[in-house]
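# Chains, contacts and geometry: an overview
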Amino acid sequence: MRSEADPDNVFDHKAFLKQLTERPGVYRMFNQQGNILYVGKARNLKNRVSSYFRAQGQAIKTRSLVSRIAEIQVTVTASETEALLLEQNLIKGYRPPYNILLRDDKSYPYIYLSPHEDFPSLTFRRGKRKRDKGTFFGPFPSGGAVRDSLNILQKAFKIRQCDESYYRNRTRPCLQYEINRCTAPCVGYISPEDYRQDVRRASLFLEGKNPAVLQELVKAMETAAGQLEFEKAAQYRDQINTLRHVQEQQSIEGGNAEVDVLGFTQEAGLACVVVIFVRGGRVLGTKHYFPRLSLEQTAEELLTAFIGQFYLGGEEQREIPKDIIIPQPLEDSDLLSDALSQASGRETRVRHNVRDERRRWLEMASTNAVQTLRSHLASKETVYRRLLALRELLSLEATPTRMECYDISHSSGESTVASCVVFDENGPLKSDYRLFNINDVTAGDDYGAMRQVLTRRYQRLKNGEGKRPDLVFIDGGKGQLNVAREVFAALGIEDVTLIGVAKGATRKAGMEQLVDALTNRVFRVPPDSPALHLIQHIRDEAHRFAITGHRFRRDKKRRVSTLEGIPGVGPKRRKDLINYFGGIQEMRKASIDEICKVRGFSRPLAETIYAALHNE
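The rules behind the values
- Residues numbered from 1 in each chain as written.
- Predicted model: local features only at pLDDT ≥ 70, side-chain atom pairs only at ≥ 80, totals over all residues.
- Heavy atoms only, no water.
- Helix = DSSP H or I, 4+ residues; strand = E, 2+ residues; numbered from the N terminus.
- Buried < 20%, exposed > 50% of the residue type's maximum accessible area, 1.4 Å probe, protein only.
- Contact = heavy atoms within 4.5 Å.
- Areas by Shrake-Rupley, 256 points an atom, 1.4 Å probe, with all protein chains shown as cover.
- Phe/Tyr/Trp six-rings, centres within 6.5 Å; stacked < 30°, edge-to-face > 60°.
- Pairing = 2+ DSSP bridges.
- Core = buried A, V, L, I, M, F, W, Y, C linked by side-chain atoms within 4.5 Å.
- Axes fitted to C-alpha atoms, helices over the stretch in contact; angles between N-to-C directions.
- Salt bridge = Lys/Arg side-chain N within 4 Å of Asp/Glu carboxyl O.
- Expected span 1.5 Å × (residues − 1).
- Arc of directions from axis to C-beta.

Our focus in this paragraph is the overall build of the chain. Across its full length, the chain carries 21 helices and 19 strands. Per-residue burial for the chain yields a buried fraction of 47% across its 616 residues. Of the contacts made within the chain by residues no fewer than 6 positions apart, 61% connect residues no fewer than 24 positions apart. Looking at the chain as shown, the accessible area adds up to about 31700 Å², and 46% of this sits on carbon and sulfur atoms.

All right, on to the packing of aromatic side chains then. What the rule picks out here adds up to 18 aromatic pairs. An angle of 70° between the planes, with centres 5.8 Å apart, marks the rings of Tyr27 and Tyr52 as edge-to-face. In this pair, Tyr27 sits in strand S1 (residues 25–30) while Tyr52 sits in the loop between helix H2 (45–50) and helix H3 (60–67), placing the two residues 25 residues apart along the sequence. Ring plane angle 15° and centroid distance 5.2 Å describe the contact between Phe306 and Phe310, whose orientation is recorded as stacked. Of the two residues, Phe306 and Phe310 are both situated in helix H11 (residues 299–312); the distance of four residues between them amounts to about one turn of the helix.

The next subject is the pairing of strand S4 (residues 109–113). Counting buried residues along S4, five of its five residues qualify, which places the element largely inside the surrounding structure. A two-sided burial pattern is seen for S4, the buried positions comprising Pro109, Ile111 and Leu113 on one face and Tyr110 and Tyr112 on the other. Here S4 runs beside strand S5 (residues 122–126); their pairing, made up of five bridges, is antiparallel. Residue pairing for S5: Pro109 is matched across the bridge by Arg126. For S4 and strand S6 (residues 135–137), the ladder comprises three bridges, and the chain directions are antiparallel. From the neighbouring strand, Ile111 faces S6, where its bridge partner is Phe137.

This part covers the nonpolar core. Membership of the largest hydrophobic core comes to 32 residues, with the highest contact counts inside it found for Ile111, Leu122, Leu153, Phe157, Ile159 and Leu243. Elements with a contribution of two residues or more to this core: S4, helix H5 (143–157), helix H8 (192–206), helix H9 (210–226) and helix H10 (230–253). Excluding anything up to four places from it in sequence, Ile159 contacts Pro120, Ser121, Leu122, Leu153, Arg181, Tyr195, Asp198, Val199 and Ala202. Ranked by size, the runner-up nonpolar core spans 27 residues in total, among them Val275, Leu293, Leu312 and Leu340.

Moving on: the sheet that holds S4. Across the sheet, three strands lie side by side as S5-S4-S6; this open sheet has antiparallel pairing. The strands lining the two open edges of the sheet, one partner per strand, are S5 and S6. Across the sheet, the mean angle from the axis of one strand to that of its neighbour is 40°, orientation sign disregarded. Across the sheet, H5 lies against S4 and S5, angled at about 175° from S5, the strand it touches most. The strands touched by H8 within the sheet are S4, S5 and S6, with S4 carrying the most contacts at an inclination of about 155°.

Our focus in this paragraph is the sheet that holds S1. Across the sheet, which stays open at both edges, the three strands sit in the order S2-S1-S3 with antiparallel pairing between neighbours. The open sheet has two free edges, formed respectively by strand S2 (36–42) and strand S3 (71–76), since each of these has just one partner strand. Strand-to-strand twist of the sheet, defined as the mean angle between neighbouring strand axes without regard to direction, takes the value 15°. Looking at chain direction, S1 and S3 are connected through six bridges and run antiparallel. Looking at the pairing, Met29 lines up with Ile72 of S3. Each of S1, S2 and S3 is contacted by helix H4 (residues 80–94), which is oriented at about 165° to S2, the strand it contacts most.

On to the pairing of strand S13 (residues 414–424). Judged by how many residues are buried, S13 sits mostly within the fold: 10 of 11 residues are covered. The pairing of strand S12 (residues 402–411) with S13 spans nine bridges and is antiparallel. Within S13, the position partnered with Ser409 by the bridge is Val417. Examined bridge by bridge, S13 and strand S15 (residues 434–437) share four bridges and lie antiparallel to one another. Paired with Ser419 across the strands is Leu435, a residue of S15. Judged from the two bridges that link them, S13 and strand S14 (residues 427–428) form a sheet pairing that is antiparallel. When the bridges of S14 are listed, Asp424 appears paired with Gly427. Between the end of S13 and the start of S14, which pair antiparallel, lie two residues.

Within this structure, the stated rule accounts for 23 salt bridges. Measuring nitrogen to oxygen at the nearest pair gives 2.2 Å for the salt bridge that ties Arg200 to Glu216. Note that Arg200 is positioned in helix H8 and Glu216 in helix H9, a separation of 16 residues in sequence. With a closest N to O distance of 3.6 Å, Arg603 and Glu607 form a salt bridge. Linking Arg603 with Glu607, this pair stays in helix H21 (residues 603–613), spanning four residues, or about one helical turn. One salt-bridge network, held together by shared partners, links Asp323, Arg349, Arg351 and Arg358.

Attention now moves to helix H16 (residues 478–491). Taking 1.5 Å per residue, 14 residues should reach 20 Å; H16 reaches 20 Å between its end C-alpha atoms and fits that length. Residues of H16 that are buried: Gln480, Leu481, Val483, Ala484, Val487, Phe488 and Leu491. Within H16, the buried residues cover an arc of 155° as seen down the axis, which keeps them to one side. The exposed residues of H16 that point more than 90 degrees off its buried face are Ala489 and Ala490.

With that settled, the discussion passes to H9. Over its 17 residues, H9 extends 24 Å from the first C-alpha to the last, a length consistent with the 24 Å expected when each residue adds 1.5 Å. Every buried residue of H9 is listed here: Asn210, Val213, Leu214, Leu217, Ala220 and Ala224. All buried residues of H9 lie within an arc of 130° about the axis, which places them on one face of the element. Across from the buried face of H9, at angles greater than 90 degrees, the exposed residues are Gln215, Lys219, Glu222 and Gly226. Downstream of H9 by one or two residues, Leu228 has phi in the positive range, about 65°.

Here it is as structure tokens:
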């Protein structure tokens, strides 16, 4: 609905909300050009859509979305589950810019059983095609998982894996037959009936019915042995041993579990989800994803959107397991379970509270998510792309090759430490990181601390020591940036770009404000900007390094004995005092005369110790 009253075509949300239903459904937001901006679902359409037009309390990114709305269309559904399924289909079809988008442009790998009448093959196939008449098993998480399974099948059932042209032109057995990996159907070494039996059993194995296959093979072995066909019985025995070995691995890894395990983490404006695929009790492999973030979503909202798109919104119908294990509870877990059950035709549960082996899988997924995201942040390609975006954002003449960022850390003014972290075209340059102990500054005076560290660092640079940066970030608002500007002016440093990084009103990642020291211009950057992600990475690293240095200095200070630094009191005399009085508290209660009673302590020394203990 568009507002007809306003000549500027501003969306009249009050009129629209007045007639909006309270039933479940899906809403779609469009701009003035008719392009879709956002797709969402709701248990109650009126309440959900109304929340976008609150007078206050909205995030900046949400306000940005609302300011672009020219029309909202709704589709009422019979249930919230139906709304979720429709939402995912619309996101897949329209890919709206304000939705979380899962980029996964690869077709999934399958094992393909060809439609050959007598001697079908089992081969690796990526993606399903309509013209393919055979049977697909999968999808698998990776090509490696397919090849591992094909290797097991080749050992156990000796199904051919060659292509049709190679098969038709054979006049003698190939190497696979010689190494006991194929029964050579190409030259008639096996009958079509026996080959079909092997194919049927291989299919049962791929369907996760390994115990049934084993029982069948045991009976066949016993029958062959009873008929004195010992060579045939030995072949069955070898098949049984291969499958039993696989089953032993399965019992170690989790029985017949059919589970997807999700790990999740967020850092520097990016999110990473790692999925571990467990089928038939075997961990088949892992796959990682970096969902594109637009609006200001919580971890719960990101996971909910990811699960919906991953299982319901892909280009291909993805296999939905019996259980999906997630790292935290979700408000919509029951809704997701219902929608996934409806899509798969069987019960599917979304769970977070797990134990034993499943807990270990969840920990492994979470660890992999953290490691994968850090590797992604550190990759040269990612850093280079971000550097180009930063150059464009700040209108720099050249791509920066050395950037420094400064931060201050203390606990109520105690043990103040300043950090300097350095990034170059390859990412963090940790060999050039520096910590500065701040002294002779009023406790809690961040401006004074910033002035001291910048003066110390850039006075050395002026004296010819160290490397000159192209770009300097100051973690803080205009106050810290003004201090930096004054230091640079006093030292005559004019060829270094100086930028302040303030956290913004909400103090949330993605809401940072940048302040240009040269022009005093304050500007925000879109939350999905690679340039902002680089700035966040540098700022977070400076923050982490400052906190680490501060804690080390604070803990070291607290570990130092009160007696250290008193003239004439070395390690032996400190030990004598502790042994005599039992501790510092009792020593403070002691008079000068009582201190003199310690063997080897003169009265002048006792007076010195007493004065030091009482700050006299």
